[in-house]
Amino acid sequence: MFVNSNNVSKEMVKPMRINRLVSVILNGVMLEKLAVEHAHDVEAMADSLMNNLAGTVQRNILTHEVAHVDQNLKMEIGRRINLPQAA
């Protein structure tokens, strides 16, 4: 599902790249709808998004980045669904 890297042990995870990937994944996602569908379970929401990534996004996530993208995605979903709604 995700691109394998030949130099996994030598490559460093780049936080800005991870943040950008999370941003791309969340772009256009209606979080409130997703939250309702998954009973506001952040883990289930992130799993759903990760399992349904567009092929282009899947190919851009390197093997050693998957866990970091998943973790940051969960943190960002949690942050966004807990933000006070604008009046």
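To be clear, the structure that these remarks concern was listed above.
Residues numbered from 1 in each chain as written. Predicted model: local features only at pLDDT ≥ 70, side-chain atom pairs only at ≥ 80, totals over all residues. Heavy atoms only, no water.

Undergrad: How would you explain the overall build of the chain if you had to name every residue and give the values?
TA: Within the chain, the secondary structure is distributed over five helices and zero strands. Reading the chain from its N terminus to its C terminus gives the helix and strand order α-α-α-α-α. A burial count over the chain gives 33% of its 87 residues as buried. The long-range fraction of contacts in the chain, counting pairs at least 24 apart against all pairs at least 6 apart in sequence, stands at 79%. Carbon and sulfur atoms make up 53% of the accessible area of the chain, which totals about 5,800 Å². (Helix = DSSP H or I, 4+ residues; strand = E, 2+ residues; numbered from the N terminus. Buried < 20%, exposed > 50% of the residue type's maximum accessible area, 1.4 Å probe, protein only. Contact = heavy atoms within 4.5 Å. Areas by Shrake-Rupley, 256 points an atom, 1.4 Å probe, with all protein chains shown as cover.)

Undergrad: Give a detailed account of the nonpolar core, specifying residues and quantitative values.
TA: As a rule of thumb, soluble globular proteins bury nonpolar side chains together. Grouped together as the largest cluster of nonpolar side chains are 19 residues, with contacts concentrated most on I25, V69, L73 and I77. Looking at this core, the elements with two or more residues in it are α1 (15-26), α2 (31-37), α3 (42-51) and α5 (66-81). Broken down by element, this core gets its largest block of residues, five residues, from α1. Look past the residues within four positions of L73 in its chain and what remains in contact with it is V22, I25, L26, A46, L49 and M50. (Core = buried A, V, L, I, M, F, W, Y, C linked by side-chain atoms within 4.5 Å.)

Undergrad: Pulling in residues and values, what's your account of the pattern of salt bridges?
TA: Here the structure, examined in full by the defined rule, presents five salt bridges. Here E65 makes a salt bridge to R17, at a shortest N to O gap of 2.5 Å. Of this pair, E65 sits in the loop between α4 (55-60) and α5 while R17 sits in helix α1, placing them 48 residues apart in sequence. What makes E65 buried here is its relative accessible area of 2%. Relative accessible area serves as the criterion here: at 30%, R17 is assigned to the partly exposed category. Several salt bridges converge on common partners, so that one network encompasses E43, D70 and K74. (Salt bridge = Lys/Arg side-chain N within 4 Å of Asp/Glu carboxyl O.)

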